[in-house]
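Below, each chain spelled out in residue letters.
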Amino acid sequence: MISSPAQQAVDAAITSRRSIRAFLPTPVAHEDIAAILQVAARAPSGTNTQPWKVYVLQGERKNQLSGAILAAHNDPEQAAQHKEEYAYYPREWVSPYIDRRRKVGWDLYALLGLGRDNKAGMAAQHGRNYEFFDAPVGLIFTIDRIMEQGSWLDYGMFLQNLMVAARARGLDTCPQAAFTQYHRIISEQLALPESETVVCGMALGVADLSKIENSLVTERMALSEFVKFVE
Ligand SMILES: Cc1cc2nc3c(=O)[nH]c(=O)nc-3n(C[C@H](O)[C@H](O)[C@H](O)COP(=O)(O)O)c2cc1C
């Protein structure tokens, strides 16, 4: 198969994407954020419904949201009162998903030198989500509650486009379901209309490659494990 420059560029943007969990303070130009979102919005969606809505947070507005969430998150009593509105994960974990989930968690914590009994260290690492891992840009994604499962599928394509378009510009991301737990705080801070629900958040910026957590490379199944060429 002949490999064209376009194929190489697209493959490189896709395969070089990793979830980045430590960012440099380097700002991202407004034009770059706008261009990435415009490219992302070329995602397909059933009957072109385009169910995405994005809140871009930077500077003080981002810090305010982080502060409000962390105040709740760092107080176990308050944190227990915040529950996600939709189930991102299965209610009952079974193999092989639980094994993969555990592996990525332990691999990250091992890199950070966090032993399996270091609950405080793990909680602190989880809390880093709410600072968008220090990224200069924090994105919050919402969807109209009226939309059904198909639109969430469309949303995933939009999010992936965004992450790949960021990569093509030398930027990195971390998609963050962690924000869904604090949707009430987000709704209040961003004055979301009642019709909107939080899909997830995302950190966007320049990766700090000196940080050990960014050396994590996750595994993928071999093709033969998830593909059947039907004859
Ligand atoms: C929708 C979505 C939500 C995620 N939420 C979080 C999160 O809250 N915090 C986090 O550190 N990683 C989060 N991740 C990153 C996953 O852990 C990561 O994609 C997976 O382990 C594969 O690693 P890779 O992205 O580096 O390829 C999320 C990924 C997706 C797609």
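Provided above is the structure to which this section pertains.
Model, not experiment: these values are computed from the prediction.

Asks: Give a detailed account of the pattern of salt bridges, specifying residues and quantitative values.
Replies: All told, the structure shown has nine salt bridges when counted by the stated rule. Here Arg-128 and Glu-131 are joined by a salt bridge, their closest N and O atoms 3.0 Å apart. With a relative accessible area of 19%, Arg-128 lands in the buried category. As a salt-bridge pair, Asp-172 and Arg-167 come within 3.2 Å of each other at their nearest N and O atoms.

Asks: Run through the environment of Met-147, naming residues and quoting values.
Replies: Looking at the element boundaries, Met-147 is found in the loop between strand 2 (137-144) and helix 7 (149-168). Linking Met-147 and Thr-49, residues 98 residues apart in sequence, is a C-alpha distance of 9.5 Å. With residues up to four places along the chain from it excluded, the contact list for Met-147 reads Thr-49, Pro-51 and Trp-152.

Asks: Describe the site of the ligand, and please don't skip the residues or the numbers.
Replies: Neighbouring residues of the ligand: 15 residues in total, closest Ser-19, Arg-21, Asn-129, Ala-177 and Arg-220. Between an oxygen atom of the ligand and a side-chain N or O atom of Ser-19, the distance comes to 2.6 Å. The backbone of Ala-178 places a nitrogen or oxygen atom 2.9 Å from an oxygen atom of the ligand. The biggest single contributor to the shell around the ligand is strand 3 (residues 172-176), with three residues. Residues belonging to the shell around the ligand are distributed by class as follows: seven nonpolar, four polar and four charged.

Asks: Let's hear about the packing of helix 3 (residues 59-73) against helix 8 (residues 183-190): which residues, and what values?
Replies: The geometry of helix 3 relative to helix 8 is characterised by a closest axis approach of 10 Å and an angle of 145 degrees between their N-to-C directions. Here the hand of the crossing between helix 3 and helix 8 comes out right-handed. Counting all contacts with helix 3, which are made through Arg-61, Gln-64, Leu-65, Ala-68, Ile-69 and Ala-72, the residues of helix 8 involved are Ile-185, Ile-186 and Gln-189. Here the residues of the contact of helix 3 with helix 8 are counted per class, giving six nonpolar, two polar and one charged.

Asks: Could you give an account of the side chain of Arg-21, naming the residues involved and the relevant values?
Replies: By the element assignment, Arg-21 lies in the loop between helix 1 (5-15) and helix 2 (30-40). Look at Arg-21: it is buried, it has no salt bridge, and the nearest opposite charge is Glu-213 at 8.5 Å. Beyond its immediate chain neighbours, meaning those up to four positions away, Arg-21 contacts Leu-108, Gln-125, Arg-128, Phe-133, Cys-174, Glu-213, Asn-214 and Leu-216.

Asks: A description of the packing of aromatic side chains should follow, citing residues and the corresponding values.
Replies: The geometry of two aromatic rings is summed up by the distance between their centres and the angle between their planes. Taken as a whole and judged by the stated rule, the model has 11 aromatic pairs. One aromatic cluster is present, formed by Trp-52, Phe-141, Tyr-155 and Phe-158 through successive ring pairs. Above the plane of the ring of Tyr-89 lies Arg-101, whose end atom (NZ or CZ) is 4.9 Å from the centre. Against the face of Trp-106 rests Arg-116, its NZ or CZ located 4.2 Å from the ring centre.

Asks: Got a sec to walk through the sheet that holds strand 3? Specific residues and values, please.
Replies: Pairing within the open sheet is antiparallel, and its four strands lie in the order 1-2-4-3. Each edge of the open sheet carries a strand with a single partner, namely strand 1 (53-58) and strand 3. Here the average twist between neighbouring strands, direction ignored, is 25 degrees. Docked against the sheet, helix 3 engages strand 1 and strand 2, running at close to 100 degrees with respect to strand 1. Sitting on the sheet, helix 7 is in contact with strand 1, strand 2, strand 3 and strand 4 (196-205), with an inclination near 160 degrees to strand 2.

Definitions and limits used
Residues numbered from 1 in each chain as written. Predicted model: local features only at pLDDT ≥ 70, side-chain atom pairs only at ≥ 80, totals over all residues. Heavy atoms only, no water. Salt bridge = Lys/Arg side-chain N within 4 Å of Asp/Glu carboxyl O. Buried < 20%, exposed > 50% of the residue type's maximum accessible area, 1.4 Å probe, protein only. Helix = DSSP H or I, 4+ residues; strand = E, 2+ residues; numbered from the N terminus. Contact = heavy atoms within 4.5 Å. Near = heavy atom within 4 Å. Polar contact = N/O pair within 3.5 Å; in protein donor to acceptor, adjacent residues only side chain to side chain. Nonpolar A, V, L, I, M, F, W, Y, C, P; charged D, E, K, R; others polar. Axes fitted to C-alpha atoms, helices over the stretch in contact; angles between N-to-C directions. Left-handed = near helix turned anticlockwise from the far one by under 90°. Lys, Arg positive; Asp, Glu negative; His and termini not counted. Phe/Tyr/Trp six-rings, centres within 6.5 Å; stacked < 30°, edge-to-face > 60°. Lys NZ or Arg CZ within 6 Å of the ring centre and 35° of its normal. Pairing = 2+ DSSP bridges.

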